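Summary of the model geometry
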Amino acid sequence: MTHSFISKDRPYLYLLVFSCLFLLLTFFVIYPNDLRLQSLFSPCSNSGPSVTGPVSVKPDFRMLIGILTTPKTFERRHLLRHVYSKSLWPDKNVTDCLDIRFVICSNITNEEHLTMLELEIMTYNDIIILNCTETVFFDKTHSYFSSLPDIFGRDRPYDYVMKTDDDTYLRLDALVASLRDKPRTDMYYGLDIPCNNGTEFNFWIPAPFMTGLGYVLSWDVVEWMADSEMPLDFTMHPEDMMLGWWLQIGEKGKNRYSNIPAMYDFRGDDQEPNCNRHDLIPGTVAVHRLKENSRWSTVLKYFNVTHGLIKPSKLHYIP
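Per-chain numbering applies: the sequence of each chain, read as written, is numbered from 1 onward. Per-residue local features are limited, in this predicted model, to residues with pLDDT of at least 70; the limit for side-chain atom pairs, both in listing and counting, is 80 or more; totals at the level of whole chains, interfaces and linings are taken over all residues. Derived side-chain values reflect all non-hydrogen atoms in the structure, with water molecules and hydrogen atoms excluded from consideration.

Labelled according to an unreviewed UniProt entry, the protein appears under the name Hexosyltransferase, originating from Rhynchospora pubera. UniProt positions are given in the numbering used here, feature names are shortened, and annotations may be inferred rather than shown by experiment. In UniProt, the protein has this text filed under Subcellular location (unreviewed entry): "Golgi apparatus membrane". Of the comments in the UniProt record for the protein, the one headed Pathway (unreviewed entry) reads "Protein modification; protein glycosylation."

See below:
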């Protein structure tokens with residue numbers, strides 16, 4: 001009786017399978033760019049935490065972007081998820097993989113923050129929690145870089161690793177384009193400081209360094225930071241400054257690239273421009289010092305991120 005039932009319904013099974021294959025083929029032909037969201041938040045290898053599963057095509061360009069943030073800044077993380085996950089990267093090649101994670105230290109004592117963070121992790125699974133202390137001195141940046149080989153493995157899961165802040169807006173297409181022809185070993189990229197013969201500082205700088213708005217290391221330099229004990233002996237200055245000193249002492253990051261003026265601080269109305277702070281420009285890669293939502297609004301409008309969908313005094317339904 002069972003055999004007879006299967007034989008009788010087999011034509012319908014064939015029809016169902018054919019219909020599913022046809023729909024799948026139609027999706028890939030008509031909507032190939034919809035794969036970009038998978039690549040945007042997917043890990044570039046099978047190692048480490050997964051958000052939407054590993055990319056299905058072996059990436060030609062693999063980069064981890066770690067956004068250093070604090071437990072209480074829920075609103076900022078929500079904003080950044082929207083900014084980096086929507087259709088804001090139209091020219092992206094599906095074989096490029098950017099893995100975007102938020103980085104937080106584990107010394108969380110506020111119960112409200114713990115609860116909200118757990119909800120975020122359950123919903124997005126895009127947060128890395130490190131055994132470190134929230135401070136501008138040494139601990140968090142070093143913990144971030146040095147922990148990555150243990151989290152993602154040592155089989156070169158990424159070409160590059162970036163550290164940035166949650167008050168920085170990255171134009172992802174411009175960032176990738178600026179890195180595509182750069183070496184993938186012994187590389188240090190960002191906004192070089194000092195950029196004006198050191199006149200913007202009134203204190204001693206042990207070595208030139210890339211400002212904390214966002215800088216990139218090649219994976220081999222990240223592994224060196226994980227293995228070397230030398231950075232532990234030099235911890236008396238702010239962390240981004242110390243990184244430049246570590247690389248100089250360790251003779252690492254010799255392929256050094258400063259992307260001036262494409263990476264810069266936002267200039268407020270009451271601020272004079274200088275070598276690392278100026279007005280918004282079309283060729284921007286990164287804008288820093290976006291502490292207020294008003295600055296985010298200015299930046300996103302300037303780069304046509306929101307497209308002016310909503311008009312004042314009109315009812316809207318946007319499907």
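In terms of regular secondary structure, the protein is built from nine helices and 13 strands. Three exposure classes are used, based on accessible area relative to the maximum for each residue type with a 1.4 Å probe and protein chains only: buried under 20%, partly exposed in between, and exposed over 50%. When the 319 residues of the protein are sorted by exposure, 46% land in the buried category. In the protein, of all internal contacts separated by at least 6 residues, the share reaching a separation of at least 24 is 72%. Accessible areas in this description were obtained via Shrake-Rupley with a 1.4 Å probe; residue shielding takes into account the shown protein chains only. Only carbon and sulfur atoms are counted for the fraction: they give 57% of the accessible area of the protein, which is about 17100 Å². Strands here are runs of E lasting at least two residues and helices are runs of H or I lasting at least four, both read from the DSSP assignment and numbered beginning at the N terminus. Every residue pair with non-hydrogen atoms within 4.5 Å of one another is taken to be in contact.

We now examine the sheet that holds strand β2 (residues 96–105). Sheet architecture is open: seven strands sit in the order β3-β2-β1-β4-β9-β6-β10, paired in mixed fashion. Every other strand in the sheet has two partners, leaving β3 (127–130) and β10 (255–258) as the edge strands with one partner each. Taken pair by pair, the neighbouring strands of this sheet meet at an average axis angle of 20 degrees, ignoring direction. Pairing analysis gives four bridges linking β2 to β3, with the strands arranged parallel. Bridge pairing in β3 places Phe102 opposite Ile127. Note on pairing: two strands pair once DSSP finds at least 2 bridges between them. Fitting a line to C-alpha atoms yields each axis, with helices limited to the stretch in contact; the angle taken between N-to-C directions then spans 0 to 180 degrees.

As a further point, take the sheet that holds strand β11 (residues 263–266). Taken in spatial order, the four strands of this open sheet run β5-β13-β11-β12, and their pairing is mixed. Taken across any chain shown, the strands that pair with only one partner, and hence form the sheet edges, are β5 (169–170) and β12 (277–278). One ladder, built from three bridges, connects β11 with strand β13 (residues 286–288); its direction is parallel. Opposite Tyr264, over in β13, you have Val287 as the bridge partner.

Let us look at the packing of aromatic side chains. In this scheme Phe, Tyr and Trp rings, the latter by its six-membered ring, pair at centre separations within 6.5 Å, and the angle between planes marks the pair as stacked below 30 degrees, edge-to-face above 60, and tilted otherwise. Considering all chains together, one arrives at nine aromatic pairs under this definition. A ring pair is formed by Phe152 and Tyr158, whose centres lie 5.3 Å apart and whose planes are at 80 degrees; its orientation type is edge-to-face. For the pair Phe152 and Tyr158, one class covers both residues: buried. Residues Tyr302 and Phe303 carry aromatic rings whose centres are separated by 4.8 Å and whose planes lie at 85 degrees to one another, so their mutual orientation is edge-to-face. By relative accessible area, which is 36% here, Tyr302 ends up partly exposed. The buried category is assigned to Phe303, whose relative accessible area is 13%. Counting every residue linked through ring pairs, the aromatic cluster contains Tyr144, Phe145, Tyr188 and Tyr215. Placement of a positive charge over a ring is assigned whenever Lys NZ or Arg CZ falls within 6 Å of the ring centre and within 35 degrees of the normal to the ring plane. Over the ring of Tyr124 we find Arg81, and its NZ or CZ is 4.0 Å from the ring centre. Across from the ring centre of Phe61, 5.8 Å away, lies the NZ or CZ of Arg180, which sits over that ring.

What a helix is expected to span follows from its residue count: subtract one and scale by 1.5 Å. For helix α4 (residues 111–124), which comprises 14 residues, the first-to-last C-alpha distance of 20 Å matches the rise-based estimate of 20 Å (1.5 Å per residue) to within 8%. Along α4, the residues that are buried comprise His113, Leu117 and Glu120. Seen along its axis, α4 keeps its buried residues to an arc of 60 degrees; they face one direction. With respect to the buried face of α4, the exposed residues turned more than 90 degrees away are Glu111, Glu118, Met122 and Thr123. Along the arc lie the directions from the helix axis toward the C-beta atoms.

Quick look at the nonpolar core now. With 42 residues, the main nonpolar core has Met63, Ile65, Tyr84, Tyr169, Leu175 and Leu179 as its most contacted residues. If one sorts the elements of this core by residue count, helix α6 (residues 172–179) sits on top with five residues. Other than its neighbours up to four places away in sequence, Tyr169 contacts Val83, Tyr84, Val285, Ala286, Val287, Leu290, Trp296, Val299, Leu300, Phe303 and Val305. Counting 34 residues, the second-largest nonpolar core is a separate cluster that includes Val161, Ile193, Met225 and Trp246. Nine residue types can take part in a nonpolar core, namely buried Ala, Val, Leu, Ile, Met, Phe, Trp, Tyr and Cys, and a core is a set of them joined through side-chain atoms within 4.5 Å.

To continue, consider the pairing of β11. As paired elements, β11 and β12 share two bridges and run parallel to each other. Counted as the bridge partner of Phe266 is His278 from β12.

Here the focus is the pattern of salt bridges. Whenever a carboxyl oxygen of Asp or Glu lies within 4 Å of a side-chain nitrogen of Lys or Arg, that contact is scored as a salt bridge. Summed over the entire model, instances satisfying the criterion amount to 16 salt bridges. A salt bridge links Asp167 to Lys291; the shortest N-O distance between them is 3.2 Å. Pair noted here: Asp167 is in the loop between β4 (160–165) and β5 and Lys291 is in the loop between β13 and α9 (293–302), with a separation of 124 residues, a long-range link. Classification of Asp167 by relative accessible area gives buried; the value is 2%. Using a relative accessible area of 52% as the deciding quantity, one classes Lys291 as exposed.

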